[in-house]
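Results of the structural survey
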Amino acid sequence: MIEAVSCGGIVIHKGKILLLYKSFRNRYEGWVLPKGTVEEGEEYVETALREVREEAGVTAELIQYIGKSEYTFNVPDDVVEKEVHWYLMRSGNYFSKPQREEFFIDSGYYKYHEAYHLLRFPNEKQILEKAYEEYSRRIKEQSW
């Protein structure tokens, strides 16, 4: 078994959530949240902010840790056990630029219900729910 750790961000601007569309060799992969692998010597927060910047071209502001998701997937001759740490983030505008080198072909900000239905993976839908609840709480308390 291979253990892997990634970090990512749920980036919100004016109530809309940043998503990336990934397509590898013209094969549908789907809409995802920005995330990536922790590099040696890097703190989880640094990874999350770096991955959002690299994959989406967005310089975001960290708001709060949201939680982690866990899942497994198969690779040739082994199984990967993946842990992803998620952070709620804020951006100052709607600009995004998908990282072509990582096969992201589109990006954009979507209303919560749109983002929820566009996301491909159930674990990302669950973390989006938690993040959006926190965002909504902060809006009500005027602490966003």
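That block above? That's the structure.
Residues numbered from 1 in each chain as written. Predicted model: local features only at pLDDT ≥ 70, side-chain atom pairs only at ≥ 80, totals over all residues. Heavy atoms only, no water.

Quick notes on the overall build of the chain
Rules: Secondary structure elements follow DSSP: runs of H or I of four or more residues count as helices, runs of E of two or more count as strands, with numbering from the N terminus. Here the globule rule reads 2.2 Å times residues to the power 0.38, and the radius of gyration is calculated from C-alpha atoms. Note on classification: 1.4 Å probe, protein chains only; a residue is buried when its accessible area is under 20% of the maximum for its type, exposed when over 50%, partly exposed between these limits. Note on contacts: a residue pair is in contact if any heavy atoms of the two residues lie within 4.5 Å. Values of accessible area rely on a 1.4 Å probe in the Shrake-Rupley scheme; residue burial ignores everything except the protein chains shown. Charge convention: Lys and Arg are scored as positive, Asp and Glu as negative, and His as well as the terminal groups of each chain are ignored. Just so you know, the charge point we use is NZ for Lys, CZ for Arg, CG for Asp and CD for Glu.
Across its full length, the chain carries 3 helices and 7 strands. In summary, the chain has a C-alpha radius of gyration of 15 Å against a globular reference of 15 Å for 144 residues, a match within 12%. Counting across all 144 residues of the chain, residues that qualify as buried make up 46%. Counting contacts in the chain only where the partners sit at least 6 residues apart, residues at least 24 apart contribute 67% of the total. Of the roughly 8,300 Å² that the chain leaves accessible, carbon and sulfur atoms contribute 47%. Within the chain, one finds 20 positive and 25 negative side-chain charges whose respective centroids are separated by 8 Å.

What about the nonpolar core?
What counts here: Nonpolar core, defined: a set of buried Ala, Val, Leu, Ile, Met, Phe, Trp, Tyr and Cys residues in which side-chain atoms within 4.5 Å join the residues together.
Counting 19 residues, the largest nonpolar core has Ile-10, Ile-12, Ile-17, Leu-19, Leu-33 and Trp-86 as its most contacted members. Taken together, the elements giving at least two residues each to this core come down to strand 1 (2-13), strand 2 (16-24), strand 5 (61-75), strand 6 (78-90) and helix 3 (122-140). Among the elements that take part in this core, helix 3 stands out by supplying 5 residues, more than any other. Sequence-distant contacts of Leu-33, that is, excluding residues within four places in its chain, are made with Gly-9, Ile-10, Ile-17, Leu-18, Leu-19, Trp-86, Leu-119, Glu-124 and Ile-127.

Digging into helix 3
The line we're drawing: By this rule, a helix spans an expected 1.5 Å times one less than how many residues it contains.
Across its 19 residues, helix 3 extends 27 Å between first and last C-alpha, which sits within 8% of the 27 Å expected from 1.5 Å per residue. Taken residue by residue, helix 3 has Asn-123, Glu-124, Lys-125, Ile-127, Leu-128, Ala-131, Tyr-132, Glu-134, Tyr-135 and Arg-138 as its buried positions. Immediately downstream of helix 3, the backbone of Gln-142 shows phi near 55°, a positive value.

Quick look at the pattern of salt bridges
Heads up, the rule is: Salt bridge, as used here, is a side-chain nitrogen of Lys or Arg placed within 4 Å of a carboxyl oxygen of Asp or Glu.
Taken as a whole and assessed by the stated rule, the structure comprises 11 salt bridges. Across the salt bridge formed by Glu-51 and Arg-50, the nearest N and O atoms sit 2.8 Å from each other. Taking relative accessible area as the criterion, Glu-51 reaches 8% and is therefore assigned buried. Residue classification places Arg-50 among the buried residues on the basis of a relative accessible area of 8%. Glu-134 is paired through a salt bridge with Arg-138; the nearest N and O atoms lie 2.8 Å apart. Of this pair, Glu-134 and Arg-138 both sit in helix 3, separated by 4 residues, roughly a single helical turn. For the pair formed by Glu-134 and Arg-138, the shared burial category is buried.

Side note on the side chain of Glu-42
Here is the rule: Any N or O atom pair separated by 3.5 Å or less is treated as a polar contact, with the protein-specific requirement of one donor-capable and one acceptor-capable atom, and with residues adjacent in sequence counted only for side-chain atom pairs.
Along the chain, the position of Glu-42 falls in the loop between strand 4 (35-37) and helix 1 (44-56). Here Arg-50 takes part through its side chain, which lies 2.7 Å from a polar atom of the side chain of Glu-42. Among residues more than four places away in sequence, those in contact with Glu-42 are Thr-37, Thr-47 and Arg-50.

Interpretation note: all reported values are geometric properties and have no functional meaning in isolation.
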